[in-house]
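What follows is each chain in one-letter form.
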Amino acid sequence: MAADNNNTDAQDEKEIPAKERHVKETTEEVQPLAASTKSKDSKLTLYHWTQSFNSQKVRLAIAEKGLKCEEYDVSLPLSEHNEPWFMKLNPAGEVPVLVHNDNVISDPTQILDYLEQNFIDENTQKLIPDEGSMYYTRVQHYRELLDSLQMDAYTHGCILHPEITVDSHIPAYATTRIRAQIGNTESELKKLAAENPDLKDAYIAKQRRIKSKLFDHDNMKYLKRLLDELENVMDQVETELQRRVEETPEEGSQVWLCGDFFSMADVSLAVTLHRLKFLGLSRRFWGNGNRVNVETYYERVVDRPAFRRVLGHVNNILISAVLPTAFRVARKRAPSFVGTALLVGILGGASYLAFLYFKRRLTTLS
């Protein structure tokens, strides 16, 4: 009988998702932010989602600094960020989350500051100038300015109201799927709260936050005000980039937002412009003679190796938005061959549909 119990325990352990097992192993003794270590050999782990705006900022900073980091996808289409194993890691149920030795950091700004403060050897790229310098003040100003933009509101607003976009990379079928998923979130969190009494307060708090946000994000007057604020921010960025051009008039000189170095402010700006492009708002804010410095900046930043690695192929929303059910099927206890065959078949079909979609877009644009 004891042997049977041992076998059952072993089987249950095998069925725990790999990410959940890793969290248990990594954070069993982890406390929230503790005394940091500056050892570059210590383990760095990031829980993120490819399409998450804040995850993209953190991943771009890690890539620019050349840090070795173990990354785990926490799928938002599969609602993995709402699963108990992740809510225990971050009660807010949001990505990204950085785990480094005995530290767990879940605020994206704090993560970026932590990376800068704790990985400072001579071979690691600095993204924030020394405190007290003119450049430090400038970088921090534009970080705060850009980080004040409510990118989740722009993202949800463009999904809920595609009429405000011009050249969105989100196809109609994905928009429909995402809209339905957003609408189901409240009931899903209620169910999880009932099933997990120890996390009930966290689930209820998240449910209230999301309900409040989505009420605003579906309000066109609210969105219009945010878009007007974005116009103002883009004007300030354009003016600052023009100053850089005037400071370095030599043709071919590489200048960025705050000087002749790529900074944490550039991380924020690069990911912001990429998101606006993805949502179909880029033509509203730059191009065709409008904000030429922003346009030139974006053309240069997309060619940076770190940018290409992190953001060069993130339009897999074409697949991730329509296949959550398929991934759920593959994770159940069906025979592995059947699950794999099903998943590969569906992925192949979805990839072909994505190919046809992009082919049609290119034909239209040419």
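Rules behind the numbers
- Residues numbered from 1 in each chain as written.
- Predicted model: local features only at pLDDT ≥ 70, side-chain atom pairs only at ≥ 80, totals over all residues.
- Heavy atoms only, no water.
- Helix = DSSP H or I, 4+ residues; strand = E, 2+ residues; numbered from the N terminus.
- Buried < 20%, exposed > 50% of the residue type's maximum accessible area, 1.4 Å probe, protein only.
- Contact = heavy atoms within 4.5 Å.
- Areas by Shrake-Rupley, 256 points an atom, 1.4 Å probe, with all protein chains shown as cover.
- Axes fitted to C-alpha atoms, helices over the stretch in contact; angles between N-to-C directions.
- Parallel < 35°, antiparallel > 145°, perpendicular 65-115°, else oblique.
- Left-handed = near helix turned anticlockwise from the far one by under 90°.
- Nonpolar A, V, L, I, M, F, W, Y, C, P; charged D, E, K, R; others polar.
- Core = buried A, V, L, I, M, F, W, Y, C linked by side-chain atoms within 4.5 Å.
- Salt bridge = Lys/Arg side-chain N within 4 Å of Asp/Glu carboxyl O.
- Pairing = 2+ DSSP bridges.
- Phe/Tyr/Trp six-rings, centres within 6.5 Å; stacked < 30°, edge-to-face > 60°.
- Lys NZ or Arg CZ within 6 Å of the ring centre and 35° of its normal.

On to the overall build of the chain, then. What the chain contains, in helices and strands, is 17 helices and four strands. Out of the 366 residues belonging to the chain, those deemed buried represent 47%. The long-range share in the chain, meaning contacts at least 24 apart out of those at least 6 apart in sequence, stands at 73%. Of the roughly 19200 Å² that the chain leaves accessible, carbon and sulfur atoms contribute 53%.

Right, let's get into the packing of helix H6 (residues 134–147) against helix H11 (residues 264–279). Running from amino to carboxyl end, H6 crosses H11 at an angle of 25 degrees, the nearest separation of the two axes being 8 Å. Looking at the two axes, H6 sits roughly parallel to H11. In this structure, H6 meets H11 at a crossing whose hand is left-handed. From H6, Val-139, Tyr-142, Arg-143, Leu-146 and Asp-147 reach across to H11, where they touch Met-264, Ala-265, Ser-268 and Leu-269. Looking at the contact of H6 with H11 residue by residue, the classes come out as six nonpolar, one polar and two charged.

Moving on: the nonpolar core. For soluble globular proteins, the rule of thumb is that nonpolar side chains tend to be buried together. Ranked by internal contacts, the top residues of the largest apolar core, which has 69 residues, are Leu-115, Val-237 and Leu-257. At ten residues, the largest contribution of residues to this core is made by H11. Residues contacting Val-237, with those up to four places away along its chain left out, are Leu-146, Leu-257, Leu-269 and Val-294. One finds Val-74, Leu-89, Val-95 and Val-99 within the second-largest nonpolar core, a separate group that totals eleven residues.

Now for the pattern of salt bridges. Within the structure shown, the criterion is met by 19 salt bridges. Ionic pairing is found between Asp-167 and Arg-283, a salt bridge with its closest N-O pair at 3.4 Å. Here Asp-167 is found in the loop between helix H7 (151–160) and helix H8 (172–195), whereas its partner Arg-283 is found in helix H12 (residues 282–285), with 116 residues between them in sequence. Linked by salt bridges that have partners in common, Arg-138, Glu-240, Arg-243, Arg-244 and Glu-247 make up one network.

Where helix H3 (residues 53–65) contacts H11, the axes come no closer than 9 Å and their chain directions differ by 135 degrees. Relative to H11, H3 is oriented oblique. With respect to the hand of their crossing, H3 and H11 are arranged in right-handed fashion. Judged by residue contacts, Phe-53, Gln-56, Lys-57, Leu-60 and Ala-61 of H3 engage Met-264, Val-267, Ser-268, Ala-270, Val-271, Thr-272, His-274 and Arg-275 from H11. Considering only residue class, the contact of H3 with H11 consists of seven nonpolar, four polar and two charged.

The element strand S1 (residues 44–48) is largely enclosed, with a buried count of five among its five residues. Neither face of S1 is open: one carries Leu-44, Leu-46 and His-48, the other Thr-45 and Tyr-47, and all of them are buried. Taken together, the four bridges between S1 and strand S3 (residues 97–100) define a ladder with antiparallel strand orientation. Bridging from a neighbouring strand, Tyr-47 pairs with Val-97 of S3. In the sheet, S1 pairs with strand S2 (residues 70–73) via four bridges, with the strands oriented parallel.

For the rest of this paragraph, the subject is the environment of Lys-206. Note that Lys-206 resides in helix H9 (residues 200–217). Sequence separation between Lys-206 and Glu-94 is 112 residues, and the spatial gap between their C-alpha atoms is 9.4 Å. The residues touching Lys-206, leaving out its near neighbours within four places in the chain, are His-81, Asn-82, Ala-92, Gly-93 and Leu-189.

Quick look at the packing of aromatic side chains now. Aromatic ring pairs are described here by two measures, namely the spacing of the ring centres and the angle between the planes. One pass over the full model with this rule turns up seven aromatic pairs. Seen from their ring centres, Tyr-135 and Phe-261 are 5.3 Å apart, and the 90 degrees between their planes marks the pair as edge-to-face. Of this pair, Tyr-135 sits in helix H6 while Phe-261 sits in the loop between helix H10 (220–247) and H11; the two residues are 126 residues apart in sequence, bridging distant segments of the chain. Classification of Tyr-135 as partly exposed rests on a relative accessible area of 34%. A network of ring pairs unites the aromatic residues Tyr-47, Tyr-72, Trp-85 and Phe-86 as a single cluster. The lysine or arginine in question, Arg-304, covers the ring of Trp-256, its NZ or CZ lying 5.0 Å from the ring centre.

Moving on: the environment of Asp-152. By the element assignment, Asp-152 lies in helix H7. Apart from the residues lying within four places of it in its own chain, the contact partners of Asp-152 are Lys-213 and His-217.

Our next topic: the sheet that holds S1. Either a parallel or an antiparallel arrangement is found when strands of a sheet pair, and the pairing is made through backbone hydrogen bonds. Spatially, four strands are ordered S2-S1-S3-S4 in an open sheet, and the strand pairing comes out mixed. The sheet is open, and its two edges are formed by S2 and strand S4 (103–105), each paired on a single side. Each adjacent strand pair in this sheet contributes to an overall mean axis angle of 15 degrees, direction not counted. Each of S1 and S2 is contacted by H3, which is oriented at about 150 degrees to S1, the strand it contacts most.

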